[in-house]
Amino acid sequence: MNQPRIFFKVRKLGFLAVLVASSLALFAGHFCLYGQDKSEFPDGYDAVEAAPKSHKVVFENAFVRVLEVTVPPAGKTEPMHHHRWPSFFLDWDRGGGMPHVRYHRPDGTVRDTPSKEAPVHSGTWSVRWMNPEPMHAIEVVETPRSAANLPDDPPLLRVEIKCHP
């Protein structure tokens, strides 16, 4: 009499496991396909090719590409470029001021982000997720004095996750 109950519990758990695995596979498939959509990511405008002064490859294999990202100085705009893969930023955050930046899109629209002041602290790692980023250019309007990094601070890193090696 206990055997049918156990059979149904095992069967339920097996069904649940298959359902969860299938959902993850569908999500991963969508995630990878979205990262490979070429319509908003034209050839020749990859960040490393189009904006080499601000994007330097420090590591790359079939699964990831790690970029050292340098923010242009105040008054400068980096060239139009894209990031076709999802990624995350690793930044050593000491607080202080955030620069005033303008995010330019190819259609001429601009998102203006004024500078912000924050308390300065000894430093912590900041991690920020980024979806694939279509064509854009970053203009730094001004950099507050408190935003200056110290010479021994680690660089800003962008870890791009390649969906199809």
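Throughout this description, residue numbers start from 1 for each chain and increase along the sequence as written. At least 70 in pLDDT is required for a residue's local features to be given in this predicted model, at least 80 for side-chain atom pairs to be given and counted, and no such filter applies to totals for whole chains, interfaces and linings, which use all residues. Just so you know, side-chain values use all the structure's heavy atoms and leave hydrogens and water out.

### Examining the sheet that holds strand S9 (residues 156-161)
Argument step 1. Ordered by their spatial adjacency, five strands build an open sheet running S1-S2-S9-S4-S7, and the pairing between neighbours is antiparallel. Strands with a single pairing partner mark the edges of an open sheet, and in this sheet they are strand S1 (55-60) and strand S7 (120-130). On average, adjacent strands in this sheet sit at an angle of 20 degrees to one another, irrespective of strand direction.
Argument step 2. In this description, strands pair whenever DSSP reports at least two bridges between them. Secondary structure elements are defined from DSSP: runs of H or I of at least 4 residues count as helices, runs of E of at least 2 residues count as strands, and each element is numbered from the N terminus. With four bridges joining them, strand S4 (residues 87-95) and S9 adopt antiparallel strand pairing. Each bridged residue has a counterpart across the sheet, and for Ser-87 the counterpart in S9 is Glu-160. Axis definition: a line fit to C-alpha positions, over the contact stretch in the case of helices; interaxial angles, taken between N-to-C directions, run 0 to 180 degrees.

### Some thoughts on the packing of aromatic side chains
Argument step 1. Paired rings are identified among Phe, Tyr and Trp, the last through its six-membered ring, by centres lying within 6.5 Å, and are further divided according to the angle between planes into stacked (under 30 degrees), edge-to-face (over 60) and tilted (the rest). Applying the stated criterion across every chain yields a total of one aromatic pair.
Argument step 2. Ring geometry for Trp-92 versus Trp-125: centroids 5.3 Å apart, planes at 70 degrees, classification edge-to-face. In this pair, Trp-92 sits in strand S4 while Trp-125 sits in strand S7, placing the two residues 33 residues apart along the sequence.
Argument step 3. Between buried and exposed lies partly exposed: a residue is buried under 20% and exposed over 50% of the maximum accessible area for its type, with that area taken using a 1.4 Å probe on protein chains only. For Trp-92, a relative accessible area of 21% translates into the label partly exposed.
Argument step 4. Look at Trp-125 and you get partly exposed, because its relative accessible area is 48%.
Argument step 5. Above the ring of Tyr-103, the side-chain terminus of Arg-111 is found at 4.4 Å from the ring centroid. In this scheme, the term charge over a ring applies when either NZ of a lysine or CZ of an arginine sits within 6 Å of the ring centre and within 35 degrees of the ring normal.

### Regarding the pattern of salt bridges
Argument step 1. Should a side-chain nitrogen of Lys or Arg be within 4 Å of a carboxyl oxygen of Asp or Glu, the pair is scored as a salt bridge. Tallied over the full model, the rule gives six salt bridges.
Argument step 2. Among the ionic pairs, Arg-65 bridges to Asp-46, the shortest N-O distance being 2.9 Å. Of the two residues, Arg-65 sits in strand S2 (residues 64-69) while Asp-46 sits in the loop between helix H1 (2-35) and helix H2 (47-50), which places them 19 residues apart along the sequence. Comparing Arg-65 with Asp-46 shows no difference in burial state: the two are buried.

### A closer look at the nonpolar core
Argument step 1. The definition of a nonpolar core used throughout is a set of buried Ala, Val, Leu, Ile, Met, Phe, Trp, Tyr and Cys residues joined through side-chain atoms within 4.5 Å. Core analysis: the biggest nonpolar cluster contains five residues, these being Leu-67, Val-69, Phe-89, Met-130 and Leu-156.
Argument step 2. Here a residue-residue contact requires only that any non-hydrogen atoms of the pair lie within 4.5 Å. If near-sequence neighbours (up to four positions away) are discounted, Val-69 is found in contact with Ser-54, His-55, Phe-89, Leu-156 and Arg-158.

### Comments concerning the pairing of strand S5 (residues 100-104)
Argument step 1. Pairing geometry for S5 and strand S8 (residues 133-142), over five bridges, is antiparallel. If you follow His-104 over to S8, its bridge partner there is Ala-137.
Argument step 2. In terms of strand pairing, S5 meets strand S6 (residues 110-113) through four bridges, oriented antiparallel. Bridge pairing in S6 links Tyr-103 to Arg-111.
Argument step 3. Between the antiparallel neighbours S5 and S6 lie five residues, among them Gly-108 with a positive phi of about 95 degrees.

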